[in-house]
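# Coordinate inspection notes
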Amino acid sequence: MQRPVSVAFAGSIILYGVIVLNVFVTLEPSLRRSLAVMFVAGLCFWAGLAGLLPVLPLYIEQFGANGQQIGWVMASFAIGLLTMRPVMARMTDERGRKPVLFIGLIAIAVAPLLYWLVPFFPEMTGQISVGNRLWQIDSRIVLMMIFRAFHGLSIASFVTAYSALVADLAPPGQRGELIGYMSLVNPIGMAIGPALGGYLQAGAGFAQVFVLMSLLGTVGLVCAVTISEPRREMVTARRKAAFWSLMWMPAVRVPALMLLLVGLAFGGLVTFVPLYARESNLALNIGFIYTMSALFSFGIRLLAGRASDRYGRGPFISLGLVFYSVSMMALWLAQSEAAVLVAAALQGMGGGMLIPMVAALMADRSTPTERGLMFGLCLTGFDVGIALSGPVMGQIADLSSYRDIFGVAGLMTLLGLVLFITTSSKNFNHSVQFALRGGKDVYAVPNSTL
């Protein structure tokens, strides 16, 4: 089965190349060059980040960690996200996109080496009493949490700046289409990285995985140096209020809360799939699950971005949530390798449609001088969901099973769908119209839309 899917993925990349070439020939040469270099840098970023997904839970487990401790370490990634997202969002608008891209790629290059060094630190253990509960503290687990939090700086920086820069460069009439194409760095990286990481770990060990992922971050950093950033106005004072208070703006509040619920599901997926596969006795390369997800995420992005420019963002966000909910339930019920791969495909379609469409929605609802801030505000909901997913889903795993994590995750994304359909606009009727039939977005900034 792996060979046909690999051939299908290669075929999809060729198809993507043909489609994008037809679009890119209409762009100015300098714009084509900037987008091409950004694409390579983004590919290195996501492959370097995703290559550790099937590896880290197993690496943490060798230190004697239980399910909840693994969840705490993996969720520490979101600490870096939550603490640095406001800083990076404002820096993206005030200092420029490129410096923030650099910060994210540096984190990608350095974090794997920090993980690699953990066993070389002296091991210390202790106990902390909190009420009637006794907590076992292991210095190696604490170090992994610290380094994982530093790793979270990567997404807080790179994703915000990358999304803002693509929106800056894209002509308004092709914004959804180009955001969709340029966001393909995520599924391609998510396909290459985990498969490569899982293969290296099984054949050579953890050290080789960490070194390779660090090298990918370094290559991306070299590429980012050559990117040309367009001139923009200075940031206006309109969005100078406290970051967290801006989360309650009508244009941001519902997308952010919806992404929080999706983040709960996604965090459980990336943290516990390797342990779920082992618990279920799946005879399957764990990285291949991520590859299947990436393959279908890739395919759906070729279609959704361009269609959303014509029919509106709302229906595609809703459909993405439907795919996500069905995928989590399918993973919960899966009893075979083939069923797990079908669930992975559905999850890829959900994520591949949902995330680019939310990015395009935020671009529609912002001016270039505040685009980084608006992306950062909305994605903070996703960060909080990931932060909560580790300890919450880890507790579910300890009390029940890794399988039941995905049943709960499906309920979370289904709730996100109901929330978006009923509250995404100024009132119930208009929300339903916008979410299901592509009605006008009342929060769109006129100069930022078609």
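Residues numbered from 1 in each chain as written. Predicted model: local features only at pLDDT ≥ 70, side-chain atom pairs only at ≥ 80, totals over all residues. Heavy atoms only, no water.

Once that is clear, we can look at the overall build of the protein. Within the protein, the secondary structure is distributed over 18 helices and two strands. Relative to all contacts within the protein whose residues are 6 or more apart in sequence, the contacts with residues 24 or more apart total 83%. Element-wise, carbon and sulfur atoms account for 68% of the exposed surface of the protein, whose accessible area totals about 17,800 Å². (Helix = DSSP H or I, 4+ residues; strand = E, 2+ residues; numbered from the N terminus. Contact = heavy atoms within 4.5 Å. Areas by Shrake-Rupley, 256 points an atom, 1.4 Å probe, with all protein chains shown as cover.)

Taken as a whole, this structure holds 11 aromatic pairs when the rule is applied. Ring geometry for Phe-45 versus Trp-46: centroids 5.2 Å apart, planes at 90°, classification edge-to-face. Per residue, the accessibility class of Phe-45 equals that of Trp-46, and both read buried. Between the aromatic rings of Tyr-276 and Phe-406, the centroid separation amounts to 5.1 Å while the plane-to-plane angle is 75°, which identifies the pairing as edge-to-face. Residue Tyr-276 is located in helix H12 (residues 250-279), and its partner Phe-406 is located in helix H17 (residues 402-423); the two are separated by 130 residues in the primary sequence. Among the aromatic residues, those joined into a ring-pair cluster are Tyr-59, Phe-63, Tyr-115, Phe-206 and Phe-210. (Phe/Tyr/Trp six-rings, centres within 6.5 Å; stacked < 30°, edge-to-face > 60°. Buried < 20%, exposed > 50% of the residue type's maximum accessible area, 1.4 Å probe, protein only.)

As a further point, take the packing of helix H7 (residues 139-169) against helix H16 (residues 371-399). Packing of H7 against H16 leaves a shortest axis separation of 9 Å and a crossing angle of 135°. It follows that H7 is oblique to H16 by the angle criterion. Relative to H16, the crossing made by H7 is right-handed. Contacts between H7 and H16 pair Val-159, Thr-160, Ser-163, Ala-164, Ala-167 and Asp-168 from the former with Arg-371, Gly-372, Phe-375, Gly-376 and Leu-379 from the latter. Residue composition of the contact of H7 with H16, grouped by class: five nonpolar, four polar and two charged. (Axes fitted to C-alpha atoms, helices over the stretch in contact; angles between N-to-C directions. Parallel < 35°, antiparallel > 145°, perpendicular 65-115°, else oblique. Left-handed = near helix turned anticlockwise from the far one by under 90°. Nonpolar A, V, L, I, M, F, W, Y, C, P; charged D, E, K, R; others polar.)

Turning our eyes to something else, we now look at the environment of Ile-421. Mapped onto the elements of the fold, Ile-421 is located in helix H17. Residue class for Ile-421 comes out buried when judged on its relative accessible area of 18%. In this structure, the C-alpha to C-alpha distance between Ile-421 and Val-432, residues 11 residues apart in sequence, is 5.2 Å. Among residues more than four places away in sequence, those in contact with Ile-421 are Ser-318, Ser-431, Val-432, Ala-435 and Leu-436.

Take helix H10 (residues 206-225) next. When the terminal C-alpha atoms of H10 are compared, their 30 Å separation across 20 residues agrees well with the 28 Å that a helix rising 1.5 Å per residue should span. When we look at burial in H10, the residues that qualify are Phe-206, Val-209, Phe-210, Met-213, Ser-214, Gly-217, Gly-220, Cys-223 and Ala-224. Packing partners of the buried residues in H10 comprise helix H2 (29-50), helix H3 (56-61), helix H6 (97-117) and helix H9 (185-203). (Expected span 1.5 Å × (residues − 1).)

For the protein, per-residue confidence averages 80 on the pLDDT scale, and residues scoring 70 or more make up 85% of the total. In the model, residues 4-9 has pLDDT below 50 throughout and makes 10 contacts with residues more than four positions away in sequence or in other chains. Contacts from residues 234-239, a stretch scored under 50 in pLDDT, to residues over four places away or in other chains number 14 contacts. (pLDDT = per-residue confidence, 0-100.)

Turning our attention to the side chain of His-430. For His-430, the location among the structural elements is in helix H18 (residues 428-437). Separated by 2.8 Å, the side chains of His-430 and Ser-425 make a polar contact. Apart from residues lying up to four places away in sequence, His-430 is in contact with Ser-425, Lys-440 and Val-442. (Polar contact = N/O pair within 3.5 Å; in protein donor to acceptor, adjacent residues only side chain to side chain.)

Glancing now at the pattern of salt bridges. In total, this model carries five salt bridges according to the counting rule given. The closest approach of N and O atoms between Asp-364 and Arg-313, which form a salt bridge, is 2.8 Å. With Asp-364 in helix H15 (residues 337-364) and Arg-313 in the loop between helix H13 (286-311) and helix H14 (314-333), the pair connects residues that are 51 residues apart, well separated along the chain. Residue Asp-364 is classed as buried on the basis of its relative accessible area, which comes to 9%. By relative accessible area, which is 6% here, Arg-313 ends up buried. The partner of Asp-441 in a salt bridge is Arg-365, with the nearest N and O atoms 2.9 Å apart. Here Asp-441 is found in the segment after H18, whereas its partner Arg-365 is found in the loop between H15 and H16, with 76 residues between them in sequence. Assigned by exposure class, Asp-441 and Arg-365 land together as buried. Among the charged side chains, a salt-bridge network with shared partners connects Asp-93, Arg-97 and Asp-168. (Salt bridge = Lys/Arg side-chain N within 4 Å of Asp/Glu carboxyl O.)

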